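# Commentary on secondary and tertiary structure
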Amino acid sequence: MKIYFTVLFLMSISLSSVYAQVTSIPALQQTYSNYFQLNREYVHLHLNKTKIAPKENIWFSAYVYDLRTNLPNPTTTNLNVALFNEDGQQIDYKTIFINNGFGNGYFSLTEKKLSPGSYYILASTNYMKNFREDLTFIQDFQLLGNKEEKSRDKQKIKYDLQFLPESGHLLANVANNVGVKLIDQNGKGVFFYNAQILNNNDEKINSFKSNKFGISKFIINPKVSETYKIQLKTEYGDTIQKNLQKPDSKGLILKTNNFLTDQLALSLETNKESLPTIRNKNYFLTITQNQHIKGIQLQFNHSTTYNTIINREELFPGTNTITVFNENFQPILERLIFNPIHIKRKSITAEISDSLIDSLVVKIHSEQQIDTIQRMSISTLPAKTKSYAPSHNMLSSFFLKPYISSTIEEGSYYFKNANERRKLFDLDLLLLTQGWSSYNWKNVFNFKPKENFQHEIGFTLSGKLLDASNNENQLFITSKTSSLLEILELKDSANFTLNHLFLKDSSNVYLGLFNKNLNKIKKSSYTVSVLPFKKKSSLNISKKTKVNTNQNQSLSIDFKTFIQSTEALDTVVIRGEKKQEIDDRHSNFSDVTIVDEQMARQYHYITDYIATQNFEVRRTMGDVIINSRRSATIHGSRQTRIILDGVPLEGNTVMIYNLLTSQVESISINKSGIGYGVFGGNGVIEIITKTDYENTKSKNNKFFEYLATNGFSKDKKFYQPKYSSYHTNLFEKYGVIDWQPSIIIDKENPETTFKFPNTLTEKIKLYIEGMSADGYLISEEIILQP
């Protein structure tokens, strides 16, 4: 059956203020679409693990998705990620740079000297404040320690037994589907069994048991004169009994059958007592998802049941919201269902391609054709790990969570590649017990989102020159660590502003006045600020937040000798930090090369090396010209911009004419010129010499120095902790082998490899999350045996 609105019914009906201004099908369609006009940013963080041993840190990759287009969100740049303790106090804050929906970062837990306990990572954007729905991403993790942990079965449990009729109403004299949910005081599901429905005479009408999340359902045809109760046993041996709510004597219910292969069966039912009052009245059944809406008009004539079959091809892929409106366009019934066909998911395979003495090489390959670039993050852990239990994977974060107002326990379970039929049954149970969707119709009808908060795109540097002079009319602003280079004409104003800057946190920004007549830079005084500031907030640790808390239920774990003293890592870390320090002086969009002895012997002059990087290098008497081999810029020039120790060589490259490669510490090549505006059209080459960088501060007497205390977080390369042994039960459960924040494959290169230390672990497990440029999502758990 095709579902669409075919007839326009205009009504002059006085509606309640809650659903004002919706008096026709076109008005309903327009109002609903308008509510989704602005771009909601949905975020997923992939953490390398969720149970952290002492002396370990935590790494993550960030993915941002646009559900309107089912594509990576192109407008998100600044992702604010905050770390909170179990009291809701903010401990750390970072702004992660998001490029085409992807970014990565880390939190140094060892530097904070945190106590064992629960911690929360929250990711959000400024633009999310425009919406009434809570779009923030939150994931807890457990910092383990040398203390005894309490297991849940030894705590006093407070049970909450809920009965949730399908579509929200229990109707007398009709067979009703009723969802059942048993949770504890933290909102976690509690398994139960031997559940019985008893009537007034304690006669058993039906029996059932729950799934592992404490969710089940039963069918009952209730009578107004009867009282019903449900009695059950919990997994902890407790017996619970509760009366079922009284049914409505009149009304309407919606029933679904979502287990047909290619179809969805819907049944709108009433009883004989209600039929005279609803006969020949118009009802409207809609199916919605994000900004999309379709539906049909229906009427009850002489039958108490209206049945319809909808082909799955007519449904939206993923979560659909089915709503029934009365003749006044007021929503009266709602049910969420999941359509598994055509969801944008791609599969990845992995295999060990090479096993070396000290390392393993893993090959990643796409099972399906790749048309665009795919980015993935991969956490490699022992197969017996107990340290990886995120609330959601990529698919549940984007295909399920946005539509549900309550917290989902183990959302990732519903999208794992195992026991497909069981998972779809459990997913339907989950949606049966959710009631109304997260998009409240009162909000849809009355509170169209307004763009009161703008997208934060990079950072804004603004300031004022305090001792302006007519002779110096150009302001030179540079930062090596942020690849910032700007020359501003001050003209008649001493105020200046630079918008949308890629500025790294804790960058040194240098400002100097340039006198064009004397070709000199003069130091001056300024007031300078960088916006937006780091945000300080608190987190309300509610029951909803605690549902997926990774509480450690082991009674006693000794981590004292699990990881060797951090002093044993000094040599490795110092080397890594030295390279990181050099990387930080170059642009994130550049390929950085650190000059070593072999490179210095191979290329006498640094220009010899540049010539091998697809640049045209012409040496003349006393000068050198470096041009891009790409098409010329709009100005007709092909000359590549050269930056030597942070200073641009404006049309005068004589300073690198005889520069020996052995005198260079590092060189970065940015062929696209991204990050340099109009100055980078033909590419940018940054050269840092060994002697000049060491003496930077002594040569900065011509510049005003400003330390930016906010900016994009500097990334840090993952390093494996130095465990005392790889052959212990503790390592099998809580150790980490590797973290890859950004693995890329594309149409030309559909497979790639990565290498990590060989811990001689019997089996290892890859937790892979990813997203392609055309919006396909990746979520895999793959076990490998070296």
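Here the structure is a predicted model, which is why all the values come from computation and not from measurement. (Residues numbered from 1 in each chain as written. Predicted model: local features only at pLDDT ≥ 70, side-chain atom pairs only at ≥ 80, totals over all residues. Heavy atoms only, no water.)

### Some details on the pattern of salt bridges
- A full pass over the atoms with the stated rule returns 20 salt bridges.
- Across the pair Lys229 and Asp202 runs a salt bridge, and its minimum N-O distance is 2.9 Å. Taken together, the residues Lys229 in strand β15 (residues 229–234) and Asp202 in the loop between β12 (192–198) and β13 (204–208) connect sequence positions 27 residues apart.
- Residue classification places Lys229 among the buried positions, given a relative accessible area of 18%.
- Under the relative-accessibility criterion, Asp202 is labelled partly exposed at 48%.
- Between Arg618 and Glu616 there is a salt bridge whose closest N-O contact spans 3.3 Å. (Salt bridge = Lys/Arg side-chain N within 4 Å of Asp/Glu carboxyl O. Helix = DSSP H or I, 4+ residues; strand = E, 2+ residues; numbered from the N terminus. Buried < 20%, exposed > 50% of the residue type's maximum accessible area, 1.4 Å probe, protein only.)

### As for the sheet that holds strand β42 (residues 738–745)
- Strand order in the open sheet made by the 4 strands is β42-β26-β44-β45, with antiparallel pairing throughout. Across the chains shown, the open sheet's two edge strands, defined by having one partner strand only, are β42 and β45 (777–784). Here the strands of the sheet are splayed against their neighbours by 20° on average, with no regard to which way each runs. (Pairing = 2+ DSSP bridges. Axes fitted to C-alpha atoms, helices over the stretch in contact; angles between N-to-C directions.)

### Quick notes on the packing of aromatic side chains
- Under the criterion given, the structure shown has 42 aromatic pairs.
- Relative to Tyr106, the ring of Trp59 has its centre 6.0 Å away and its plane inclined at 25°; by these criteria the two rings are stacked. With Trp59 in strand β3 (residues 58–66) and Tyr106 in strand β7 (residues 102–107), this pair connects stretches of sequence that are 47 residues apart. As far as the burial class goes, Trp59 and Tyr106 line up, both buried.
- With a centroid separation of 4.9 Å and an interplanar angle of 80°, the aromatic rings of Trp59 and Phe718 are classed as edge-to-face. (Phe/Tyr/Trp six-rings, centres within 6.5 Å; stacked < 30°, edge-to-face > 60°.)

### Looking at the pairing of β3
- Most of β3 is tucked away: 9 of the 9 residues are buried.
- In β3, alternate side chains face the same way, and those of Ile58, Phe60, Ala62, Val64 and Asp66 on one face and Trp59, Ser61, Tyr63 and Tyr65 on the other are all buried.
- As paired elements, strand β1 (residues 42–47) and β3 share 6 bridges and run antiparallel to each other. Among the inter-strand pairings, Leu45 is bridged to a residue of β3, identified as Ala62.
- In the sheet, β3 pairs with β7 via 6 bridges, with the strands oriented antiparallel. Each bridged residue has a counterpart across the sheet, and for Ala62 the counterpart in β7 is Gly103.
- In the sheet, β3 pairs with strand β4 (residues 71–72) via 2 bridges, with the strands oriented antiparallel.

### Section: the pairing of strand β19 (residues 283–289)
- Among the 7 residues that make up β19, 7 are buried, leaving the element largely enclosed by the rest of the structure.
- Of the two faces of β19, the one lined by Tyr283, Leu285, Ile287 and Gln289 and the one lined by Phe284, Thr286 and Thr288 are each fully buried.
- Where β19 meets strand β20 (residues 292–298), 7 bridges bridge the pair, whose relative direction is antiparallel. Directly across from Tyr283, in β20, lies its bridge partner Leu298.
- In sequence, β19 turns back onto β20 through a hairpin of 2 residues, with Asn290 there showing a positive phi of about 55°.
- Where β19 lies against strand β22 (residues 318–325), 5 bridges are found, and the strand directions are antiparallel. Bridged to Ile287 within β22 is Ile322.

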